[in-house]
Amino acid sequence: MSNIAKQLSQGLELAEGQVVLGLSEYRIGLRSNSHELLEKLGVYFAHTLDAGEPDIEVIAYETAPQDLGLDFIDWKREPGKTGRKDAYVDVEDGRLVQKVRTGMVFLQSETHRIAAGPCLANDNQVINFINAQYMNWLQNNGELICHASGLVVDARCLGIAGFSGGGKSTLMLKVLDDDNVHYLTNDRLFIAKDNTHVRATGIPKLPRINPGTIVHNEKLKSILSPEQQEHFLSMPNEELWHIEDKYDVDVEDVYGEGKIAPTAKLKAFLVLNWTRDGETPCTFTQVDLAKRPELLERAIMKSPGPFYQFADGSFLQDDMPLDPAPYLDMLKDIPIFEVSGTIDFDAATQFCLEQMKG
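Residues numbered from 1 in each chain as written. Predicted model: local features only at pLDDT ≥ 70, side-chain atom pairs only at ≥ 80, totals over all residues. Heavy atoms only, no water.

Some thoughts on unusual backbone geometry
Consideration 1: Phi at S24 takes a positive value of approximately 55°, unusual for a residue other than glycine.
Consideration 2: Examined against the element boundaries, S24 turns out to sit in the loop between β1 (19-23) and β2 (26-32).
Consideration 3: In the Ramachandran plot, D154 falls in the positive-phi region, its phi being about 50° despite a non-glycine side chain.
Consideration 4: With respect to the element layout, D154 can be found in the loop between β10 (148-153) and β11 (156-162). (Helix = DSSP H or I, 4+ residues; strand = E, 2+ residues; numbered from the N terminus.)

Concerning the packing of helix α2 (residues 35-44) against helix α3 (residues 123-140)
Consideration 1: Two numbers describe how α2 lies on α3: the axes approach to 11 Å, and their chain directions differ by 60°. Considering the angle they form, α2 stands oblique to α3. Both α2 and α3 take part in a crossing whose hand is right-handed. In contact with L37, K40, L41 and Y44 of α2, α3 contributes D123, V126, I127 and I130. (Axes fitted to C-alpha atoms, helices over the stretch in contact; angles between N-to-C directions. Parallel < 35°, antiparallel > 145°, perpendicular 65-115°, else oblique. Left-handed = near helix turned anticlockwise from the far one by under 90°. Contact = heavy atoms within 4.5 Å.)

Here we look at the sheet that holds β2
Consideration 1: Spatial ordering of the open sheet is given by β1-β2-β3-β8-β7-β6-β5-β4, a layout of eight strands whose pairing is mixed. Both edges of this open sheet fall to β1 and β4 (73-74), since each of them pairs with a single strand only.
Consideration 2: The pairing of strand β5 (residues 86-91) with strand β6 (residues 94-99) spans six bridges and is antiparallel. If you follow A87 over to β6, its bridge partner there is Q98. (Pairing = 2+ DSSP bridges.)

Some words on the packing of helix α4 (residues 168-176) against helix α11 (residues 345-357)
Two packed helices can be described by the angle between their axes and the distance between those axes.
Consideration 1: Interhelical geometry of α4 versus α11 gives an angle of 60° and a closest axis separation of 9 Å. With respect to α11, the axis of α4 lies oblique. Crossing hand, α4 versus α11: right-handed. Contacts between α4 and α11 involve T170, L171, K174 and V175 from the first element and F345, D346, A348, T349, C352, L353 and M356 from the second.
Consideration 2: When the residues that make up the contact of α4 with α11 are grouped by side-chain class, the tally is seven nonpolar, two polar and two charged. (Nonpolar A, V, L, I, M, F, W, Y, C, P; charged D, E, K, R; others polar.)

Some remarks on the state of the cysteines
Consideration 1: If you walk through the whole model with that rule in mind, you get zero disulfides.
Consideration 2: Left unpaired, C282 is separated from the closest cysteine sulfur, that of C352, by 9.8 Å. (Disulfide = S-S within 2.5 Å.)

What to know about α2
Consideration 1: Considered for burial, the residues of α2 that qualify are L37, L38, L41, G42 and Y44. Projected down its long axis, α2 shows its buried positions confined to an angular sector of 165°, all on one face. Exposed and oriented more than 90 degrees from the buried face of α2 are H35, E39 and V43.
Consideration 2: If you follow the buried residues of α2, they end up packed against β1, β2, β3 (56-62), α3 and β16 (247-248). (Buried < 20%, exposed > 50% of the residue type's maximum accessible area, 1.4 Å probe, protein only. Arc of directions from axis to C-beta.)

Some remarks on the environment of S9
Consideration 1: By the element assignment, S9 lies in helix α1 (residues 3-9).
Consideration 2: Exposure remark for S9: the relative accessible area of 7% places this residue in the buried category.
Consideration 3: C-alpha separation for the pair S9 and A116, spaced 107 residues apart in sequence, amounts to 7.5 Å.

Digging into the pairing of β10
The side chains of a regular strand alternate between both faces of the sheet.
Consideration 1: Counting buried positions over the six residues of β10 gives six, a clear majority of the element.
Consideration 2: The alternating pattern of β10 places A148, G150 and V152 on one face and S149, L151 and V153 on the opposite face, and all of these are buried.
Consideration 3: Pairing of β10 with β11, which is carried by six bridges, proceeds in the antiparallel orientation. For G150, the partnering residue across the bridge sits in β11 and is G159.
Consideration 4: Relative to strand β12 (residues 182-185), β10 is paired through three bridges, and the arrangement is antiparallel. Residue V152 lies in a different strand from β12, and its bridge partner there is H182.

Here we look at α11
Consideration 1: The end-to-end C-alpha distance of α11 is 18 Å, a good match for the 18 Å that 13 residues give at a rise of 1.5 Å each.
Consideration 2: All of the buried residues in α11 are F345, A348, T349, F351, C352, L353, Q355 and M356.
Consideration 3: For α11, the side-chain oxygen to backbone nitrogen distance between the N-cap and D346 is 3.2 Å, and the N-cap itself is D344. (Expected span 1.5 Å × (residues − 1). Polar contact = N/O pair within 3.5 Å; in protein donor to acceptor, adjacent residues only side chain to side chain.)

Written out as C-alpha coordinates, the structure reads:
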(Lines give C-alpha, C1' and ligand atoms only; values in the text may rest on other atoms or scores of the structure.)
Protein backbone atom coordinates (compact mmCIF):
# COMPACT_ATOMS: atom_id res chain seq x y z
CA MET A 1 0.00 0.00 0.00
CA SER A 2 1.30 3.46 -0.88
CA ASN A 3 2.19 6.00 1.80
CA ILE A 4 -0.82 8.18 0.92
CA ALA A 5 -3.14 5.18 1.02
CA LYS A 6 -1.75 4.19 4.43
CA GLN A 7 -2.25 7.72 5.72
CA LEU A 8 -5.86 7.77 4.55
CA SER A 9 -6.64 4.37 6.10
CA GLN A 10 -5.34 5.43 9.53
CA GLY A 11 -4.84 1.75 10.35
CA LEU A 12 -8.60 1.13 10.37
CA GLU A 13 -9.84 -2.41 9.81
CA LEU A 14 -12.32 -3.02 7.04
CA ALA A 15 -15.68 -4.58 7.81
CA GLU A 16 -16.32 -8.10 6.57
CA GLY A 17 -17.88 -8.53 3.18
CA GLN A 18 -18.28 -6.24 0.23
CA VAL A 19 -20.89 -4.82 -2.13
CA VAL A 20 -20.31 -5.65 -5.81
CA LEU A 21 -21.84 -3.61 -8.62
CA GLY A 22 -22.30 -5.15 -12.07
CA LEU A 23 -22.15 -2.32 -14.63
CA SER A 24 -22.14 -3.44 -18.27
CA GLU A 25 -19.08 -5.71 -18.40
CA TYR A 26 -17.40 -3.92 -15.50
CA ARG A 27 -17.67 -4.87 -11.82
CA ILE A 28 -16.81 -2.57 -8.92
CA GLY A 29 -16.31 -3.93 -5.40
CA LEU A 30 -17.12 -1.64 -2.47
CA ARG A 31 -15.51 -2.04 0.96
CA SER A 32 -15.50 0.09 4.10
CA ASN A 33 -14.73 0.11 7.79
CA SER A 34 -18.40 1.09 8.28
CA HIS A 35 -21.15 -1.57 8.11
CA GLU A 36 -23.70 1.25 8.01
CA LEU A 37 -22.12 2.83 4.95
CA LEU A 38 -21.98 -0.51 3.11
CA GLU A 39 -25.67 -1.04 3.86
CA LYS A 40 -26.54 2.41 2.52
CA LEU A 41 -24.53 1.82 -0.63
CA GLY A 42 -26.14 -1.59 -1.09
CA VAL A 43 -29.60 -0.01 -0.93
CA TYR A 44 -28.66 2.86 -3.26
CA PHE A 45 -27.14 0.59 -5.92
CA ALA A 46 -29.67 -2.22 -5.41
CA HIS A 47 -30.60 -2.50 -9.10
CA THR A 48 -26.95 -3.12 -10.07
CA LEU A 49 -25.89 -5.66 -7.42
CA ASP A 50 -23.76 -8.55 -8.67
CA ALA A 51 -22.12 -11.63 -7.20
CA GLY A 52 -19.12 -11.79 -9.54
CA GLU A 53 -15.46 -11.04 -8.90
CA PRO A 54 -14.85 -7.26 -9.10
CA ASP A 55 -12.49 -5.72 -11.63
CA ILE A 56 -11.53 -2.93 -9.22
CA GLU A 57 -12.10 -2.11 -5.57
CA VAL A 58 -13.23 1.17 -4.01
CA ILE A 59 -12.58 1.58 -0.28
CA ALA A 60 -14.39 4.17 1.83
CA TYR A 61 -12.97 4.98 5.27
CA GLU A 62 -15.38 6.61 7.71
CA THR A 63 -13.13 9.04 9.61
CA ALA A 64 -12.93 12.64 10.73
CA PRO A 65 -11.72 15.09 8.02
CA GLN A 66 -7.98 14.61 7.53
CA ASP A 67 -5.26 17.22 7.16
CA LEU A 68 -2.67 15.68 4.86
CA GLY A 69 -0.37 18.68 4.98
CA LEU A 70 -0.52 19.15 1.20
CA ASP A 71 -1.09 22.27 -0.86
CA PHE A 72 -4.25 21.59 -2.84
CA ILE A 73 -4.98 23.56 -6.02
CA ASP A 74 -8.51 24.68 -6.84
CA TRP A 75 -9.96 22.86 -9.84
CA LYS A 76 -11.20 25.46 -12.31
CA ARG A 77 -14.99 25.39 -12.52
CA GLU A 78 -17.00 25.35 -15.71
CA PRO A 79 -18.46 28.59 -17.14
CA GLY A 80 -21.49 29.71 -15.17
CA LYS A 81 -20.42 27.90 -11.99
CA THR A 82 -19.20 29.91 -8.99
CA GLY A 83 -17.60 29.17 -5.64
CA ARG A 84 -14.95 26.66 -4.63
CA LYS A 85 -15.89 22.99 -5.00
CA ASP A 86 -12.96 20.68 -5.79
CA ALA A 87 -9.25 21.01 -5.09
CA TYR A 88 -6.54 18.58 -6.13
CA VAL A 89 -2.89 17.69 -5.89
CA ASP A 90 -1.06 15.21 -8.12
CA VAL A 91 1.17 12.82 -6.18
CA GLU A 92 3.41 9.92 -7.10
CA ASP A 93 0.59 7.48 -6.37
CA GLY A 94 -1.99 9.28 -8.50
CA ARG A 95 -4.25 12.22 -7.70
CA LEU A 96 -5.82 13.41 -4.47
CA VAL A 97 -9.09 15.32 -4.77
CA GLN A 98 -10.51 17.27 -1.83
CA LYS A 99 -14.10 18.43 -1.53
CA VAL A 100 -13.68 21.94 -0.20
CA ARG A 101 -16.98 22.23 1.66
CA THR A 102 -16.97 18.83 3.38
CA GLY A 103 -13.30 17.95 3.82
CA MET A 104 -13.76 14.59 2.08
CA VAL A 105 -10.57 13.38 0.37
CA PHE A 106 -10.31 10.89 -2.50
CA LEU A 107 -7.28 9.06 -3.84
CA GLN A 108 -7.55 8.13 -7.51
CA SER A 109 -4.83 5.97 -9.04
CA GLU A 110 -4.35 2.82 -11.09
CA THR A 111 -3.92 0.76 -7.92
CA HIS A 112 -5.87 2.62 -5.22
CA ARG A 113 -9.34 4.17 -5.19
CA ILE A 114 -10.00 5.46 -1.69
CA ALA A 115 -12.53 7.81 -0.12
CA ALA A 116 -11.73 9.10 3.38
CA GLY A 117 -13.55 11.43 5.76
CA PRO A 118 -17.12 11.76 7.07
CA CYS A 119 -18.50 9.37 4.44
CA LEU A 120 -21.85 8.71 6.12
CA ALA A 121 -22.63 12.41 6.29
CA ASN A 122 -21.52 12.85 2.68
CA ASP A 123 -22.53 9.55 1.11
CA ASN A 124 -23.54 11.34 -2.09
CA GLN A 125 -19.88 12.28 -2.66
CA VAL A 126 -18.86 8.65 -2.10
CA ILE A 127 -21.52 7.60 -4.64
CA ASN A 128 -20.15 10.12 -7.14
CA PHE A 129 -16.64 8.76 -6.63
CA ILE A 130 -17.85 5.21 -7.26
CA ASN A 131 -19.64 6.36 -10.41
CA ALA A 132 -16.47 8.18 -11.48
CA GLN A 133 -14.76 4.79 -11.77
CA TYR A 134 -17.48 3.53 -14.11
CA MET A 135 -17.36 6.77 -16.10
CA ASN A 136 -13.58 6.41 -16.50
CA TRP A 137 -14.08 2.87 -17.80
CA LEU A 138 -16.77 3.99 -20.26
CA GLN A 139 -14.65 6.85 -21.62
CA ASN A 140 -11.54 4.69 -21.88
CA ASN A 141 -13.67 2.38 -24.02
CA GLY A 142 -14.62 5.09 -26.50
CA GLU A 143 -17.75 6.58 -24.91
CA LEU A 144 -18.39 10.35 -24.94
CA ILE A 145 -19.82 12.06 -21.86
CA CYS A 146 -22.86 14.33 -22.28
CA HIS A 147 -24.40 16.65 -19.70
CA ALA A 148 -27.86 15.20 -20.26
CA SER A 149 -30.72 13.12 -18.93
CA GLY A 150 -31.85 10.00 -20.72
CA LEU A 151 -35.32 8.43 -20.96
CA VAL A 152 -36.25 5.22 -22.77
CA VAL A 153 -39.31 3.76 -24.50
CA ASP A 154 -39.02 0.36 -26.20
CA ALA A 155 -35.19 0.48 -26.13
CA ARG A 156 -35.16 3.94 -27.78
CA CYS A 157 -33.55 6.79 -25.82
CA LEU A 158 -34.27 10.51 -25.83
CA GLY A 159 -31.44 12.64 -24.46
CA ILE A 160 -32.41 15.87 -22.69
CA ALA A 161 -29.74 18.55 -22.29
CA GLY A 162 -30.03 22.11 -21.14
CA PHE A 163 -28.32 25.03 -19.51
CA SER A 164 -27.81 25.01 -15.74
CA GLY A 165 -31.05 25.59 -13.85
CA GLY A 166 -33.12 25.23 -17.01
CA GLY A 167 -35.52 22.56 -15.72
CA LYS A 168 -33.89 19.46 -17.24
CA SER A 169 -34.59 17.25 -14.23
CA THR A 170 -38.10 18.63 -13.78
CA LEU A 171 -39.00 17.78 -17.38
CA MET A 172 -37.34 14.37 -17.19
CA LEU A 173 -39.41 13.39 -14.13
CA LYS A 174 -42.65 14.67 -15.66
CA VAL A 175 -42.07 12.49 -18.72
CA LEU A 176 -41.20 9.56 -16.44
CA ASP A 177 -44.79 9.68 -15.12
CA ASP A 178 -45.81 7.82 -18.29
CA ASP A 179 -45.96 4.07 -17.59
CA ASN A 180 -44.11 3.22 -20.82
CA VAL A 181 -41.10 5.43 -20.05
CA HIS A 182 -37.98 4.10 -18.30
CA TYR A 183 -35.21 6.03 -16.59
CA LEU A 184 -31.71 5.83 -18.03
CA THR A 185 -29.75 8.65 -16.37
CA ASN A 186 -30.24 12.07 -14.83
CA ASP A 187 -27.13 14.12 -15.53
CA ARG A 188 -24.45 12.01 -17.24
CA LEU A 189 -25.34 10.35 -20.53
CA PHE A 190 -22.69 8.39 -22.45
CA ILE A 191 -22.85 7.80 -26.20
CA ALA A 192 -20.89 5.49 -28.48
CA LYS A 193 -21.25 4.04 -31.97
CA ASP A 194 -22.57 0.49 -31.92
CA ASN A 195 -22.61 -1.11 -35.38
CA THR A 196 -25.42 0.74 -37.19
CA HIS A 197 -26.61 3.07 -34.43
CA VAL A 198 -25.53 5.25 -31.52
CA ARG A 199 -25.86 3.59 -28.14
CA ALA A 200 -26.80 5.61 -25.04
CA THR A 201 -25.64 4.40 -21.62
CA GLY A 202 -26.53 5.71 -18.18
CA ILE A 203 -24.76 5.55 -14.84
CA PRO A 204 -26.35 4.28 -11.59
CA LYS A 205 -27.02 7.72 -10.17
CA LEU A 206 -30.47 8.61 -8.89
CA PRO A 207 -31.97 11.98 -9.84
CA ARG A 208 -31.11 14.72 -7.35
CA ILE A 209 -33.69 17.47 -7.45
CA ASN A 210 -34.59 20.74 -5.77
CA PRO A 211 -37.75 21.47 -3.73
CA GLY A 212 -39.33 23.40 -6.61
CA THR A 213 -39.42 20.21 -8.68
CA ILE A 214 -40.76 18.15 -5.78
CA VAL A 215 -43.70 20.29 -4.65
CA HIS A 216 -45.13 20.58 -8.17
CA ASN A 217 -45.12 16.83 -8.87
CA GLU A 218 -47.69 14.70 -7.03
CA LYS A 219 -45.58 11.53 -7.19
CA LEU A 220 -42.63 13.27 -5.55
CA LYS A 221 -44.28 15.23 -2.74
CA SER A 222 -43.78 12.42 -0.21
CA ILE A 223 -40.01 13.08 -0.37
CA LEU A 224 -40.71 16.15 1.78
CA SER A 225 -42.58 16.31 5.07
CA PRO A 226 -45.96 18.11 5.09
CA GLU A 227 -44.28 20.99 6.93
CA GLN A 228 -41.56 21.25 4.29
CA GLN A 229 -44.12 21.16 1.50
CA GLU A 230 -46.09 23.97 3.08
CA HIS A 231 -42.92 26.01 3.62
CA PHE A 232 -41.72 25.73 0.03
CA LEU A 233 -45.17 26.26 -1.50
CA SER A 234 -45.52 29.49 0.46
CA MET A 235 -42.44 30.93 -1.29
CA PRO A 236 -42.67 33.19 -4.34
CA ASN A 237 -42.01 31.14 -7.51
CA GLU A 238 -38.91 33.14 -8.36
CA GLU A 239 -37.36 32.43 -4.96
CA LEU A 240 -38.35 28.75 -5.04
CA TRP A 241 -36.85 28.32 -8.53
CA HIS A 242 -33.38 29.29 -7.31
CA ILE A 243 -33.23 27.17 -4.13
CA GLU A 244 -30.37 24.64 -4.26
CA ASP A 245 -31.25 21.91 -1.74
CA LYS A 246 -30.90 18.50 -3.36
CA TYR A 247 -32.99 15.40 -2.60
CA ASP A 248 -32.57 11.92 -4.10
CA VAL A 249 -35.46 10.36 -6.00
CA ASP A 250 -35.58 6.58 -5.58
CA VAL A 251 -36.85 5.84 -9.09
CA GLU A 252 -38.10 2.30 -8.47
CA ASP A 253 -39.66 3.24 -5.13
CA VAL A 254 -41.58 6.16 -6.67
CA TYR A 255 -42.30 4.88 -10.19
CA GLY A 256 -42.24 1.10 -9.78
CA GLU A 257 -39.83 -1.83 -9.95
CA GLY A 258 -38.07 -2.38 -13.25
CA LYS A 259 -38.33 1.31 -14.18
CA ILE A 260 -34.56 1.71 -14.78
CA ALA A 261 -32.91 0.87 -18.13
CA PRO A 262 -29.09 0.57 -18.36
CA THR A 263 -28.70 1.25 -22.09
CA ALA A 264 -30.69 1.95 -25.27
CA LYS A 265 -30.45 3.13 -28.88
CA LEU A 266 -30.19 6.94 -29.03
CA LYS A 267 -33.14 8.20 -31.09
CA ALA A 268 -33.10 11.99 -30.59
CA PHE A 269 -31.70 14.83 -28.48
CA LEU A 270 -33.59 17.73 -26.94
CA VAL A 271 -31.73 20.91 -25.91
CA LEU A 272 -33.63 23.17 -23.51
CA ASN A 273 -32.90 26.78 -24.42
CA TRP A 274 -36.10 28.29 -23.07
CA THR A 275 -36.61 30.99 -20.42
CA ARG A 276 -39.06 31.60 -17.61
CA ASP A 277 -39.75 35.14 -18.84
CA GLY A 278 -39.89 34.29 -22.53
CA GLU A 279 -42.24 36.41 -24.62
CA THR A 280 -42.95 33.79 -27.30
CA PRO A 281 -44.69 30.39 -27.04
CA CYS A 282 -42.65 27.29 -26.44
CA THR A 283 -41.37 25.99 -29.80
CA PHE A 284 -39.43 22.92 -30.97
CA THR A 285 -37.04 23.36 -33.89
CA GLN A 286 -34.71 20.79 -35.42
CA VAL A 287 -31.19 22.22 -35.61
CA ASP A 288 -27.78 21.38 -37.03
CA LEU A 289 -25.19 21.33 -34.23
CA ALA A 290 -22.43 22.16 -36.71
CA LYS A 291 -24.20 25.47 -37.28
CA ARG A 292 -25.14 25.94 -33.60
CA PRO A 293 -21.87 25.20 -31.79
CA GLU A 294 -23.02 27.05 -28.66
CA LEU A 295 -25.72 24.43 -28.05
CA LEU A 296 -23.21 21.60 -28.31
CA GLU A 297 -20.40 23.22 -26.33
CA ARG A 298 -22.45 24.87 -23.58
CA ALA A 299 -25.33 22.42 -23.13
CA ILE A 300 -24.31 18.93 -24.32
CA MET A 301 -20.54 18.55 -23.94
CA LYS A 302 -19.28 17.87 -20.43
CA SER A 303 -15.82 17.86 -18.86
CA PRO A 304 -14.97 14.48 -17.28
CA GLY A 305 -13.73 16.32 -14.18
CA PRO A 306 -10.76 15.92 -11.80
CA PHE A 307 -11.20 12.16 -11.26
CA TYR A 308 -10.75 11.36 -14.94
CA GLN A 309 -7.72 9.16 -15.54
CA PHE A 310 -6.71 8.32 -19.10
CA ALA A 311 -5.96 4.74 -20.12
CA ASP A 312 -2.20 5.46 -19.85
CA GLY A 313 -2.59 6.48 -16.19
CA SER A 314 -2.27 10.24 -16.73
CA PHE A 315 -4.93 12.66 -15.52
CA LEU A 316 -7.15 15.27 -17.09
CA GLN A 317 -6.01 18.84 -16.43
CA ASP A 318 -8.56 21.61 -15.95
CA ASP A 319 -7.12 23.65 -18.82
CA MET A 320 -7.50 20.86 -21.38
CA PRO A 321 -10.06 22.00 -23.97
CA LEU A 322 -12.94 19.74 -24.95
CA ASP A 323 -12.96 18.71 -28.61
CA PRO A 324 -16.36 19.12 -30.30
CA ALA A 325 -15.37 17.05 -33.37
CA PRO A 326 -16.09 13.59 -31.88
CA TYR A 327 -19.49 14.80 -30.65
CA LEU A 328 -20.39 16.23 -34.07
CA ASP A 329 -19.42 12.96 -35.70
CA MET A 330 -21.32 10.85 -33.16
CA LEU A 331 -24.49 12.96 -33.35
CA LYS A 332 -24.49 13.78 -37.08
CA ASP A 333 -27.38 11.39 -37.84
CA ILE A 334 -29.31 12.01 -34.59
CA PRO A 335 -32.20 14.53 -34.76
CA ILE A 336 -31.39 17.46 -32.45
CA PHE A 337 -34.25 19.71 -31.33
CA GLU A 338 -33.87 23.11 -29.69
CA VAL A 339 -36.63 24.12 -27.28
CA SER A 340 -37.01 27.90 -27.13
CA GLY A 341 -39.51 30.49 -25.98
CA THR A 342 -41.39 30.33 -22.67
CA ILE A 343 -40.91 27.37 -20.35
CA ASP A 344 -43.85 25.01 -20.86
CA PHE A 345 -43.37 21.63 -19.21
CA ASP A 346 -46.68 20.23 -20.46
CA ALA A 347 -45.88 20.99 -24.10
CA ALA A 348 -42.33 19.66 -23.71
CA THR A 349 -43.59 16.48 -22.05
CA GLN A 350 -45.92 15.81 -24.95
CA PHE A 351 -43.13 16.45 -27.45
CA CYS A 352 -40.77 14.07 -25.63
CA LEU A 353 -43.36 11.29 -25.61
CA GLU A 354 -44.04 11.77 -29.32
CA GLN A 355 -40.32 11.53 -30.11
CA MET A 356 -39.82 8.34 -28.12
CA LYS A 357 -43.02 6.59 -29.15
CA GLY A 358 -43.14 7.76 -32.77
